[in-house]
Amino acid sequence: AQVQQTLQGNTLLLEVNTHTGSAYHIGYVYTLVPYPPELVMAVFTNYAAQRGHITDVLEATVEVQQGNYARVRFVYDLPWPFPNSEYVVNDTVRQEGETYLLFWDLHPSSPRGLSAPKYVEGYFRTQPVGPRTLIIYCNYMIPGSGLLPGTVNSAGMKAMRTTIDDTVRWVDAIAASS
């Protein structure tokens, strides 16, 4: 029902799945944008430019890229008193018709430590809905240390919302300059 409301307006929807088998939640963010799915995905996967456009990204370095696969090392700014979070993910983009899906999971070379996650999995999907594109952003992260689940869950949802807001502004800017 809430997703239907999102499809009928320009609202941002935040949702969590608490049925994960752990105290950490899966976060979802849904929003509609007036741009083609391909453009939104191309902007979001421009890793070299993420640092200047997505608030919490301090670094996004492509270590390996082959076809639709990239291994990317991220450094994220975490709130005080935590050190920055550094981790490496496998990113794979798939296309079905006009729908694009970027799926990620933690790469075995990912660093360990206080603020490094021990598990990461998620996706960023762009699909046409009439003349607009629905973005579905999902992320599930379990920290490597015993950080309080409530803190991780709320900070994670805040970061996801910021990422979507920043991505939409970034796509707005690119579309306006075209």
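For the structure, check the block above.
Residues numbered from 1 in each chain as written. Predicted model: local features only at pLDDT ≥ 70, side-chain atom pairs only at ≥ 80, totals over all residues. Heavy atoms only, no water.

**Student:** Describe the environment of Arg-161, listing the residues and the values that go with them.
**Tutor:** Its place among the elements puts Arg-161 in helix α4 (residues 149-177). Measuring from C-alpha to C-alpha, the distance between Arg-161 and Tyr-30 comes to 9.4 Å, with 131 residues separating the pair along the chain. (Helix = DSSP H or I, 4+ residues; strand = E, 2+ residues; numbered from the N terminus.)

**Student:** Any chance you could break down helix α2 (residues 37-44) for me, citing the residues and the numbers?
**Tutor:** Pro-37, Val-40, Met-41, Val-43 and Phe-44 are the residues of α2 that are buried. Take α2 and look down its axis: the buried residues cluster within an arc of 160°, on one side only. (Buried < 20%, exposed > 50% of the residue type's maximum accessible area, 1.4 Å probe, protein only. Arc of directions from axis to C-beta.)

**Student:** Tell me about α4, and name the residues and values.
**Tutor:** Compared with an ideal rise of 1.5 Å per residue, which puts 29 residues at 42 Å, α4 spans 42 Å between its outermost C-alpha atoms and is within 8% of the ideal. By the burial criterion, the buried members of α4 are Val-152, Asn-153, Met-157, Met-160, Thr-163, Ile-164, Asp-166, Thr-167, Trp-170 and Val-171. (Expected span 1.5 Å × (residues − 1).)

**Student:** Requested: an account of the pattern of salt bridges, with residues and values cited.
**Tutor:** Inspection of the entire model under this criterion finds five salt bridges. Between Arg-71 and Glu-63 there is a salt bridge, with the nearest N and O atoms lying 2.9 Å from each other. We note a salt bridge from Arg-169 to Asp-166, for which the minimum N-O separation is 2.6 Å. You can see Arg-169 and its partner Asp-166 sitting in helix α4, three residues apart, about one turn around the helix. In this structure, a network of salt bridges that share partners links the residues Glu-63, Arg-71, Arg-73 and Glu-86. (Salt bridge = Lys/Arg side-chain N within 4 Å of Asp/Glu carboxyl O.)

**Student:** Which residues make up the nonpolar core, and what are the values?
**Tutor:** Trp-104 and Phe-124 are the most contacted members of the largest nonpolar core, which totals 31 residues. Considering each element in turn, this core owes the most residues, five residues, to α4. Among the nonpolar cores identified, the runner-up in size contains 13 residues, and Tyr-24, Ile-26, Tyr-28 and Ile-142 belong to it. (Core = buried A, V, L, I, M, F, W, Y, C linked by side-chain atoms within 4.5 Å.)

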